Amino acid sequence: MPNSKVSYNSDMVFIDEQSSTGGKTYVAFVCESYGVAFRLYSKNPLSTEKEFAKSSAMSIIAYADGEKLGYAQGSVRRDRQTGQLGVWETTGGLSSALYTAFIDADSSISVTALRNGYDPVTYRFPTKGLLTGLKAINYCR
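Scoring rules and cut-offs
- Residues numbered from 1 in each chain as written.
- Predicted model: local features only at pLDDT ≥ 70, side-chain atom pairs only at ≥ 80, totals over all residues.
- Heavy atoms only, no water.
- Salt bridge = Lys/Arg side-chain N within 4 Å of Asp/Glu carboxyl O.
- Helix = DSSP H or I, 4+ residues; strand = E, 2+ residues; numbered from the N terminus.
- Buried < 20%, exposed > 50% of the residue type's maximum accessible area, 1.4 Å probe, protein only.
- Core = buried A, V, L, I, M, F, W, Y, C linked by side-chain atoms within 4.5 Å.
- Contact = heavy atoms within 4.5 Å.
- pLDDT = per-residue confidence, 0-100.

K.L.:
Explanation requested: the pattern of salt bridges in the structure shown.
P.N.:
Two side chains of opposite charge can pair, provided their charged atoms sit close to one another. Applying the stated criterion across every chain yields a total of five salt bridges. The salt bridge partner of Arg-78 is Glu-49, with a shortest N-O separation of 2.8 Å. Here Glu-49 lies in helix α1 (residues 49-54) and Arg-78 lies in the loop between β6 (67-77) and β7 (87-90), a separation of 29 residues in the sequence. Since its relative accessible area comes to 48%, Glu-49 is described here as partly exposed.

K.L.:
Is there a simple way to think about the nonpolar core in this case?
P.N.:
Taken as a class, soluble globular proteins show a tendency for nonpolar side chains to be buried jointly. Ranked by size, the top nonpolar core spans 33 residues in total, and within it Ile-15, Phe-29, Leu-40, Ile-60, Trp-88, Phe-102 and Phe-125 carry the most contacts. With residues up to four places along the chain from it excluded, the contact list for Phe-125 reads Ile-15, Asp-16, Glu-17, Thr-25, Tyr-26, Val-27, Leu-40, Phe-102, Ser-107, Ser-108, Ile-109 and Val-111. One finds Met-12, Ala-28, Val-30 and Ala-37 within the second-largest nonpolar core, a separate group that totals eight residues.

K.L.:
Looking at this structure, how should I read the confidence of the model for the chain?
P.N.:
Fine structural detail should not be taken from predicted coordinates in areas where pLDDT scores are low. Confidence in the prediction of the chain, expressed as mean pLDDT, is 90, and 96% of residues score 70 or more. Confidence, expressed as mean pLDDT per element, reaches its minimum in the chain at helix α2 (residues 92-104) with 80 and its maximum at α1 with 97.

Shown next as structure tokens:
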């Protein structure tokens, strides 16, 4: 979308992190047969190999326009392109709640990844252009 950090293809809407260059950190709303999946693609690893061997579970804390929305549980997986443990995803109700939070936010959503074996990291995603991108993919219907 022009003048925004939002882009889309036939079944996904992407929002690049506010300070990210080259799209290395972004969130994606992915249209799946059961609804919307939410994914965070991070340039930073989200888990050490040792912690990942114990469990792929990881939480994030989401904030809309600076107001805490709460914790969301999901799982870490390897990025198919880089092999790095840099993708966090959730589906179902949590995914729908994050989808709604992004739509309702006036300016931005911040996501703090409570990384396994590393210090937490916070990313900020501007929401300008999101509704236009979602409309282009028919809101995953």
